[in-house]
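The chain contents come next:
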Amino acid sequence: MRILGIETSCDETAVCVIEAEGNFNADFSFRVLGNSLLSQASIHAQYGGVFPNLAKREHAKNLVPILEKALNESEMLHQGQTKAPAEIGGMLSREPELSARIGEYFAKYGKPKIDCIAVTVGPGLEPALWVGINFARALSKAWSVPIVAVNHMEGHVIMPLVRHDDSEQKTANRKQEMQKFKFPLLSLLISGGHTELVLSREWRKYEILGETRDDAVGEAFDKVARLLGLPYPGGPEISRLALEARSSKLEANFNLPRPMLNDDNLDFSFAGLKTAVRRIVEKNPPSQDEKLKIAREFEDAVAEVLVGKTMRAVAERGARTVIVGGGVSANTYIRLRLAEALEKEGSGATLLVPPPELATDNALMIALAGYFHALKSDYADSATMRANGNLRLG
Ligand code: KG4
Ligand code: ZN
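Okay, so let's go over this structure. Not measured: the values here are computed from a predicted model.

Here we look at the environment of Val32
Then, number 1: Tracing the backbone through its elements, the reader meets Val32 in strand β3 (residues 29-39).
Then, number 2: The sequence separation of Val32 and Leu228 amounts to 196 residues, and the corresponding C-alpha distance is 39 Å.
Then, number 3: For Val32, the contacting residues outside a window of four places in its chain are Cys16, Val17, Ile18, Asn173, Gln176 and Leu364.

What follows is the structure, given as structure tokens:
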């Protein structure tokens with residue numbers, strides 16, 4: 001089955017085409033035929049975070065070129081013509097720029113050999129999600145293929161479950177499989193909008209064990225970065241400074257709080273940590289060395305809380321596999337600390353992480369998650385599907 005995945009929930013415009021077969025965790029395999037992604041991060045950097053209407057405009061401008069690139073890579077961009085039914089105008093009435101671009105696309109190219117379109121419907125920024133959904137609807141109508149509605153967080157869960165063989169030469173089109181792993185599966189989902197511990201006793205069944213009561217961990221990284229005068233997205237910047245502090249043996253002479261670490265639950269809170277950094281920075285504008293020390297202490301505090309809560313969940317629920325997903329899972333220090341803790345405490349649980357380049361938002365994860373819905377003919381009704389900024393797993 002060939003799936004075209006579309007992701008526009010935040011500031012990445014992404015389209016991916018995969019060819020997949022088999023069942024989950026058994027004989028599943030897939031090939032990436034084409035993958036194209038455009039990050040808007042540098043555009044949003046001036047606002048210190050993602051600006052929803054700007055994200056929407058950029059997605060509308062870039063979706064068609066990104067689709068063309070992904071299909072071209074898949075060798076499925078055939079000259080020809082697609083008859084575009086009249087309803088498409090109505091579907092895209094709120095996206096005039098996308099409407100014009102898709103009209104030009106249909107006038108130039110024929111239908112690719114796609115069996116299904118998978119699109120993110122939430123969680124995320126609703127104006128941004130809607131562009132992707134309306135784009136998927138228009139393609140579905142013109143190509144007469146069904147749509148699958150994908151939860152973005154399920155995409156982040158699936159990414160670490162795919163076997164990523166670094167030793168193998170990364171040839172385009174190579175066959176990839178799933179890791180062999182055991183349930184219960186504990187997912188630590190850490191991104192710009194989420195911080196959650198989720199338990200799955202079987203595939204696609206989710207129980208949220210704990211979540212943040214205020215800021216998400218990625219949001220805390222981004223806000224602290226801003227306080228230190230670092231550009232958006234702040235996660236990689238803080239991490240870079242923290243690494244420099246560790247290798248230069250620079251250590252803060254203060255401790256930041258470890259919020260909720262010892263509370264008898266699996267919830268998180270990161271707003272206080274950011275406020276603590278704000279107080280320090282406002283009292284005394286930090287020198288470059290002090291910035292390094294703050295970044296290190298902040299990353300230590302975050303890692304300690306995430307690891308502590310994850311270990312508690314592993315013990316309480318007897319997890320056999322732990323995955324870390326979402327943009328913050330690109331953080332090598334957090335990965336390392338979690339791997340150490342799982343090893344040291346002899347939990348017997350295996351840790352799986354995505355390769356850093358696939359930790360942040362992409363359309364491959366949406367195509368993969370979409371495939372398992374399509375396998376069960378779990379299709380969405382194009383006429384009634386909606387964006388849901390607060391969509392939850394479960
Ligand atoms: O999953 P993602 O790409 O988008 C959302 O769905 O939110 O996550 C983006 C978040 C941003 O807050 C970014 O600062 C953070 O992931 N991030 C990191 C790192 N790389 C990205 N945070 C810490 N360390 C990193 N290396
Ligand atoms: Zn994400």
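Let's talk about unusual backbone geometry
Then, number 1: In this structure, Pro123 follows Gly122 across a cis peptide bond, with omega equal to -10°.
Then, number 2: The residue Pro123 is located in the loop between β4 (116-122) and α5 (126-143) in this model.
Then, number 3: In this structure, the amide linkage connecting Tyr232 to the following residue, Pro233, adopts the cis form with an omega of -5°.
Then, number 4: The residue Pro233 is located in the loop between α7 (217-227) and α8 (234-247) in this model.
Then, number 5: Within the chain, Glu75 stands out as a residue other than glycine whose phi angle is a positive 55°.
Then, number 6: Among the structural elements, Glu75 can be located in the loop between α2 (52-73) and α3 (87-91).

Describing the state of the cysteines
Then, number 1: Throughout the structure, instances matching the rule amount to zero disulfides.
Then, number 2: With no disulfide of its own, Cys116 has Cys16 as its nearest cysteine by sulfur position, at a separation of 13 Å.

Brief notes about the pairing of β4
Then, number 1: Within β4, seven of the seven residues are buried, leaving the element largely enclosed by the surrounding structure.
Then, number 2: Two strands pair when backbone bridges link them, and strand β1 (residues 2-7) and β4 are joined in this way by four bridges, in the parallel orientation. The partner of Ile6 across the bridge, within β4, is Val119.
Then, number 3: For the handedness criterion, the β-α-β arrangement of β4, α5 and strand β5 (residues 147-151) is classed as right-handed.

Some points on the packing of α2 against helix α4 (residues 96-108)
Then, number 1: Axis separation between α2 and α4 bottoms out at 7 Å; the angle between their running directions is 30°. By the angle between their directions, the pair α2 and α4 is classed as roughly parallel. For α2 against α4, the interelement crossing comes out right-handed. In contact with Ala60, Lys61, Leu63, Val64, Pro65, Leu67, Glu68 and Leu71 of α2, α4 contributes Glu97, Leu98, Arg101, Ile102 and Tyr105.

Digging into the nonpolar core
Then, number 1: Ranked by internal contacts, the top residues of the largest apolar core, which has 50 residues, are Leu186, Ile238, Phe270, Phe298, Val302 and Leu306.
Then, number 2: Where this core is concerned, the elements lending two or more residues are β7 (185-190), β8 (195-200), α7, α8, α9 (271-283), α10 (288-317), β10 (321-325) and α11 (332-344).
Then, number 3: Broken down by element, this core gets its largest block of residues, 13 residues, from α10.
Then, number 4: Each residue touching Leu186, except ones within four places of it in the same chain, is listed here: Leu197, Val198, Leu199, Leu209, Thr310, Ala313, Val314, Ala319, Thr321, Val322 and Ile323.
Then, number 5: Residues Ala14, Met153, Ile323 and Ala374 belong to the second largest nonpolar core, which totals 40 residues.

What counts, and at which threshold
Residues numbered from 1 in each chain as written. Chains lettered and ligands numbered in written order. Predicted model: local features only at pLDDT ≥ 70, side-chain atom pairs only at ≥ 80, totals over all residues. Heavy atoms only, no water. Helix = DSSP H or I, 4+ residues; strand = E, 2+ residues; numbered from the N terminus. Contact = heavy atoms within 4.5 Å. Disulfide = S-S within 2.5 Å. Buried < 20%, exposed > 50% of the residue type's maximum accessible area, 1.4 Å probe, protein only. Pairing = 2+ DSSP bridges. Right-handed = clockwise from strand over helix to strand, strands pointing away. Axes fitted to C-alpha atoms, helices over the stretch in contact; angles between N-to-C directions. Parallel < 35°, antiparallel > 145°, perpendicular 65-115°, else oblique. Left-handed = near helix turned anticlockwise from the far one by under 90°. Core = buried A, V, L, I, M, F, W, Y, C linked by side-chain atoms within 4.5 Å.

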